[in-house]
Amino acid sequence: NTKTETTGGEVIEPSAEECFELIASQPVGRLAVARSDGPPLVIPVNFRLDSGVIVFRSDPGLKLRLLLRGPVSFQVDYIDWPHRTGWSVLVHGDAYQATHWERDHIELVPWAGGDKGTWVRIEAATVTGRRLLPADLDWPADNRGYL
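This one's a predicted model, so the numbers in the text were calculated from it and none came from an experiment.

Parameters at a glance
Residues numbered from 1 in each chain as written. Predicted model: local features only at pLDDT ≥ 70, side-chain atom pairs only at ≥ 80, totals over all residues. Heavy atoms only, no water. Core = buried A, V, L, I, M, F, W, Y, C linked by side-chain atoms within 4.5 Å. Buried < 20%, exposed > 50% of the residue type's maximum accessible area, 1.4 Å probe, protein only. Helix = DSSP H or I, 4+ residues; strand = E, 2+ residues; numbered from the N terminus. Contact = heavy atoms within 4.5 Å. Phe/Tyr/Trp six-rings, centres within 6.5 Å; stacked < 30°, edge-to-face > 60°. Salt bridge = Lys/Arg side-chain N within 4 Å of Asp/Glu carboxyl O.

This part takes up the nonpolar core. Side chains of a nonpolar character, in soluble globular proteins, are inclined to be buried together. Counting 24 residues, the largest nonpolar core has Leu-31, Phe-56, Leu-67, Phe-74, Val-89 and Ile-122 as its most contacted members. Taken together, the elements giving at least two residues each to this core come down to α1 (16–24), β2 (28–33), β3 (41–50), β4 (53–58), α2 (62–67), β5 (72–80), β6 (85–97) and β7 (118–132). With sequence-adjacent residues up to four places away left out, Leu-31 is seen in contact with Leu-41, Val-42, Ile-43, Phe-56, Lys-63, Leu-67, Val-72, Ser-73, Phe-74 and Ile-122. Formed by 5 residues, the second largest nonpolar core is a distinct cluster that contains Val-55, Ala-98, Ile-106 and Trp-119.

Right, here's the structure in full:
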């Protein structure tokens, strides 16, 4: 058995427009809100992207109280384990409770049970991303696509 070394793939920074396209391709992201008494609270939520604004639904509680107090972060990623590629996008911004005009046109059914009657919008102040491209293999594929 011969072990072949390969170098890692190249990391690139997609544009803001590309970052929003990546975000829109996934149904779940992670909301991070600051807590004064400990580490950040990080919660997965299903969401929709509405003209560059992240929209999700929440039930009453700690998450909703914290996110309305100050800036939040929202992270979405995708990992392709077999090909050692993937991407991650991080949005920083302010969250607020959406009005019915801002939500009535959006179809968003919460995955988790509960009230989820409060619609939240996150307007991005900054959006950054990283994309890991596939590494070059040390061996060529043949014309049939086999290694």
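So, on to unusual backbone geometry. Notably, Ser-51 is not glycine yet its phi reads approximately 55 degrees, a positive angle. By the secondary structure assignment, Ser-51 is in the loop between β3 and β4. Phi at Lys-116 is positive, roughly 45 degrees, even though this residue is not glycine. A residue is classified by how much of its surface remains accessible, and Lys-116, at 10% relative accessible area, is buried.

A full pass over the atoms with the stated rule returns 1 aromatic pair. Centroid distance Phe-47 to Phe-74: 5.1 Å. Interplanar angle 80 degrees. Geometry classified as edge-to-face. With a gap of 27 residues between them, Phe-47 in strand β3 and Phe-74 in strand β5 connect regions that are remote in the sequence. According to the relative accessible area criterion, Phe-74 is buried, its value standing at 1%.

Bringing the side chain of Thr-85 into the picture now. For Thr-85, the position within the fold is in strand β6. The exposure class of Thr-85 is buried, given its relative accessible area of 14%. With sequence-adjacent residues up to four places away left out, Thr-85 is seen in contact with Tyr-78, Ile-79, Asp-80, Leu-132, Leu-133 and Pro-134.

With that settled, the discussion passes to the pattern of salt bridges. Side chains that differ in charge, positive against negative, can pair when their charged atoms come close. Scanning the entire structure with this criterion turns up 6 salt bridges. With a closest N to O distance of 3.8 Å, Arg-35 and Asp-37 form a salt bridge. Glu-102 is the salt-bridge partner of Arg-121, the closest N and O atoms lying 3.8 Å from each other. Of the two residues, Arg-121 sits in strand β7 while Glu-102 sits in helix α3 (residues 100–103), which places them 19 residues apart along the sequence. Residue classification places Arg-121 among the buried residues on the basis of a relative accessible area of 7%. Look at Glu-102 and you get partly exposed, because its relative accessible area is 22%. One continuous salt-bridge network, built from bridges that share partners, spans Asp-50, Glu-102 and Arg-121.

With respect to the helices and strands, Val-42 occurs in strand β3. Between the C-alpha atom of Val-42 and that of Arg-30, which follows or precedes it by 12 residues, the distance is 6.3 Å. If sequence neighbours within four positions are ignored, Val-42 has contacts with Arg-30, Leu-31 and Ala-32.

We now examine the environment of Ser-36. Among the secondary structure elements, Ser-36 is positioned in the loop between β2 and β3. Once the C-alpha coordinates of Ser-36 and Leu-66 are considered, the two residues, 30 residues apart in sequence, prove to be 9.5 Å apart.

Worth remembering: the numbers are spatial, not functional.
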